[in-house]
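Listed here are the chains, written in short residue letters.
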Amino acid sequence: MTTLHDPTIRSFASDNYSGVHPEVLAALAAANDGHQIAYGEDLYTERLQHVFARHFGDDAQAFPVFNGTGANVTGLQSMLPRWGAVVAASTAHINVDEGGAPEKVAGIKILNVPTDDGKLTPELVDREAWGWGDEHRAQPLVVSITQSTELGTLYTPDEIRALADHAHARGMRLHLDGARLSNAAAALDLPIRAFTLDAGVDVVSAGGTKNGALAAEAIVVLDPAASAGLPFLRKLNMQLSSKMRFVSAQLIALYEDDLYLRNARHANAMAARLRSAVEGGLADGSIVGVRFSQPTQANGVFAILPDGVADRLRESFRFYDWDASKNEVRWMCSFDTTESDVDAFVAELSRLTRG
Ligand SMILES: Cc1ncc(COP(=O)(O)O)c(C=O)c1O
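Throughout, a residue's number is its position along its own chain's written sequence, starting from 1. It should be noted that, the model being predicted, local features are given only for residues of pLDDT at least 70 and side-chain atom pairs only at 80 or more, the latter also being counted only at that level, while totals for whole chains, interfaces and linings use all residues. Hydrogens and water are ignored here; the side-chain numbers use all heavy atoms of the structure.

- As recorded in an unreviewed UniProt entry, the protein chain goes by Threonine aldolase and comes from Microbacterium oleivorans.
- UniProt positions are given in the numbering used here, feature names are shortened, and annotations may be inferred rather than shown by experiment. If you open the UniProt record of the protein chain and go to Cofactor (unreviewed entry), you find "pyridoxal 5'-phosphate".

Structural notes on the overall build of the protein chain
(1) Moving on: To qualify as a helix, a DSSP run of H or I must reach at least 4 residues; to qualify as a strand, a run of E must reach at least 2; elements of each kind are numbered from the N terminus. Broken down by element type, the protein chain carries 13 helices and 11 strands.
(2) Moving on: When we talk radius of gyration, it's over C-alpha atoms, and the globule rule is simply 2.2 Å times the number of residues to the 0.38. Here the protein chain has a C-alpha radius of gyration of 21 Å; the compact-globule value for 355 residues is 20 Å, and the two agree.
(3) Moving on: Burial here depends on accessible area, computed with a 1.4 Å probe over protein chains only, as a share of the maximum for the residue type. Under 20% is buried, over 50% is exposed, and the range in between is partly exposed. Counting the 355 residues in the protein chain, one finds 54% classified as buried.
(4) Moving on: Long-range contacts, defined as pairs at least 24 residues apart, comprise 75% of the intrachain contacts of the protein chain with a sequence gap of at least 6.
(5) Moving on: The protein chains shown are the only cover counted for residues, whose accessible areas, like all others here, come from Shrake-Rupley with a 1.4 Å probe. When the accessible surface of the protein chain is totalled, it reaches about 15500 Å², and 52% of it is carbon and sulfur. Any two residues whose heavy atoms approach within 4.5 Å are treated as being in contact.

Details of helix 3 (residues 68-79)
(1) Moving on: To estimate how far a helix should extend, the number of its residues minus one is multiplied by 1.5 Å. Under the 1.5 Å per step criterion, the end-to-end length of helix 3 is 17 Å for 12 residues, consistent within 8% with the ideal 16 Å.
(2) Moving on: Here helix 3 has its buried residues at Gly70, Ala71, Asn72, Val73, Thr74, Gly75, Leu76, Gln77, Ser78 and Met79.
(3) Moving on: In protein, a polar contact requires one atom able to donate a hydrogen and another able to accept it; more generally it is a pair of N or O atoms within 3.5 Å, and residues adjacent in sequence count only if both atoms are side-chain atoms. At the N-terminal boundary of helix 3, the capping side chain belongs to Asn67, with an oxygen 2.7 Å from the backbone nitrogen of Gly70.

Points about the sheet that holds strand 8 (residues 291-292)
Strand-to-strand pairing in sheets goes through backbone hydrogen bonds, with the strands running parallel or antiparallel.
(1) Moving on: Two strands pair if DSSP finds at least two bridges between them. Spatially, four strands are ordered 8-9-11-10 in an open sheet, and the strand pairing comes out antiparallel. Two strands bound the open sheet, and with one partner strand each, they are strand 8 and strand 10 (320-323).
(2) Moving on: The sheet contact formed by strand 8 and strand 9 (residues 300-304) spans two bridges and is antiparallel. Residue pairing for strand 9: Phe292 is matched across the bridge by Ala303.

What about the sheet that holds strand 5 (residues 173-178)?
(1) Moving on: The seven strands are arranged 1-7-6-5-4-2-3 in an open sheet whose pairing can be described as mixed. Edge positions in the sheet fall to strand 1 (61-65) and strand 3 (109-113), since each has one partner strand and no second. Ignoring strand direction, the axes of neighbouring strands in this sheet form an average angle of 25°.
(2) Moving on: With five bridges connecting them, strand 1 and strand 7 (residues 217-221) associate as antiparallel partners. By the bridge assignment, Phe63 is partnered in strand 7 with Ile219.
(3) Moving on: Note on definitions: angles span 0 to 180 degrees between N-to-C directions of axes, and those axes are lines fitted to C-alpha atoms, for helices only across the stretch in contact. On top of the sheet, helix 3 reaches strand 1, strand 2 (84-89), strand 4 (139-146), strand 5, strand 6 (203-206) and strand 7; it is set at about 20° to strand 7, its chief contact.
(4) Moving on: Lying on the sheet, helix 7 (residues 157-169) is in contact with strand 4 and strand 5; it crosses strand 5 at an angle near 145°.

Overview of the pattern of salt bridges
(1) Moving on: Whenever Lys or Arg places a side-chain nitrogen within 4 Å of a carboxyl oxygen from Asp or Glu, that contact is recorded as a salt bridge. Tallied over the full model, the rule gives 19 salt bridges.
(2) Moving on: Ionic pairing is found between Glu159 and Lys119, a salt bridge with its closest N-O pair at 3.0 Å. Of the two residues, Glu159 sits in helix 7 while Lys119 sits in the loop between strand 3 and helix 6 (122-126), which places them 40 residues apart along the sequence.
(3) Moving on: Glu159 gets classed as partly exposed once you look at its relative accessible area, which sits at 32%.
(4) Moving on: One continuous salt-bridge network, built from bridges that share partners, spans Glu23, Asp258 and Arg262.

So, the packing of helix 11 (residues 259-284) against helix 13 (residues 339-354)
(1) Moving on: As a packed pair, helix 11 and helix 13 sit with axes 10 Å apart at the nearest point and diverge in direction by 25°. As the angle between them shows, helix 11 and helix 13 are arranged roughly parallel. In this structure, the crossing between helix 11 and helix 13 has a hand that is right-handed. From helix 11, Met270, Arg273, Leu274, Ala277 and Val278 reach across to helix 13, where they touch Glu339, Val342, Asp343, Phe345, Val346 and Leu349.
(2) Moving on: Tallied by class, the residues present in the contact of helix 11 with helix 13 amount to eight nonpolar, no polar and three charged. The labels follow the angle: roughly parallel below 35 degrees, roughly antiparallel above 145, roughly perpendicular from 65 to 115, and oblique for the rest. When the near helix sits turned anticlockwise from the far one by under a right angle, the crossing is termed left-handed; a clockwise turn instead gives a right-handed crossing. Nonpolar residues are Ala, Val, Leu, Ile, Met, Phe, Trp, Tyr, Cys and Pro. Charged residues are Asp, Glu, Lys and Arg, and all others, Gly as well, are polar.

Some details on the pairing of strand 11 (residues 328-332)
(1) Moving on: Summarising burial for strand 11: five of the five residues are buried, a large majority.
(2) Moving on: In strand 11, alternate side chains face the same way, and those of Glu328, Arg330 and Met332 on one face and Val329 and Trp331 on the other are all buried.
(3) Moving on: Sheet topology places strand 9 next to strand 11; five bridges connect them, and they run antiparallel. Considered in strand 11, the bridge of Ala303 is made with Val329.
(4) Moving on: Here strand 10 runs beside strand 11; their pairing, made up of three bridges, is antiparallel. Considered in strand 11, the bridge of Asp323 is made with Glu328.
(5) Moving on: Hairpin remark: strand 10 followed by strand 11, antiparallel, with four residues in the connecting loop; positive phi at Asn327, about 60°.

Examining helix 10 (residues 244-255)
(1) Moving on: With 12 residues, helix 10 ought to run about 16 Å at 1.5 Å a step, and its terminal C-alpha atoms sit 17 Å apart, in line with that.
(2) Moving on: When you tally the buried positions in helix 10, you get 12 out of 12 residues, the bulk of the element.
(3) Moving on: Looking at helix 10, one finds that the buried residues are Met244, Arg245, Phe246, Val247, Ser248, Ala249, Gln250, Leu251, Ile252, Ala253, Leu254 and Tyr255.

Some details on the domain arrangement of the protein chain
(1) Moving on: Domain ranges listed in this record stem from an automatic or a database domain assignment. One can read the domain layout of the protein chain as domain 1 (31-257) and domain 2 (260-354).
(2) Moving on: For domain 1 versus domain 2, the distance between C-alpha centres works out to 29 Å.
(3) Moving on: Between domain 1 and domain 2, the residue contacts involve 22 residues of the former and 18 residues of the latter.
(4) Moving on: When two components associate, each loses some accessible surface as probed by a 1.4 Å sphere; the sum of these losses over both components is called the buried area. Carbon and sulfur atoms supply 54% of the area that domain 1 and domain 2 bury against each other, a total of about 1600 Å² over both sides.
(5) Moving on: If you sort the residues of domain 1 by the area they bury against domain 2, Leu151, Asn183 and Asn211 come out on top, with a joint share of 27%.
(6) Moving on: Run the count over domain 1 and domain 2 and you get zero salt bridges.

Below is the structure:
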């Protein structure tokens, strides 16, 4: 097969636009020869349990899956009875970007709460965490948070601990969507366990794809009492890989040593470079009329652009509108974003905002 696309075309649309990290590709090749037992009884999936035990504790059980929606939906389903509901930020991926799969596939009601920055607090949880025992209300039994959030913001370990304590005191469980878990670890400069296991999280969706894998995520159960039936639910939800060794090998490549951190640190650094270059441009007048709508704490930059600039900038670089009614856009950096990608983007932004 010949290459069909032009690799010099760069974008700031999504960390999913990037390719596969060469060390992940090498891991796939290393796992490739010969035969291994299918459906997860292979040596790579066994090794992955040990790798994840270092990040999530000795009791952690990892269930590799193909994608983040599958991890979230299946993990949450294992935490809830038929009548259960999940309290989540209104911007949560499970609420707005999973095609209704939590509702349609898992039968879960999502009780969503508006936030300023994509982060729940105990007070915000309480807006929807009520009505236990009322048969007319879906029962709020899980709180789901995202780390780093869909708005590029971060929870501190103390903030997560406060949410876990609050949820547990009400008989609820805490789920963490960690599609960008590595970006959070890199930004906080903390081990993953500091804001998951040690902060009281019960079940995690551990990301791989956005940080250099091909198609690899995992549901990681930190407290076995918080989840039931996962092997069956994963199959029912069509997330059981027959050749699981290749999903596990990708996650081993990322999480066994420090590839997850190297990639995430780089993506975060590129977002910081982008933000500070735009701030510098605003200060010296080479960029005009741009405002930031969120702090840049991980690998996403959220900005409000002058009228018409987004579409003209998109002629050179793809990126998504976040809230078109406000001219708000999202610029994402990934493990393979380069300094020259950022510099070229900022130069074009400068040209367009002055013109
Ligand atoms: C916060 C969050 N969770 C989960 C996902 C996973 O989605 P997918 O099913 O596309 O892998 C994404 C991807 O955009 C995400 O941003």
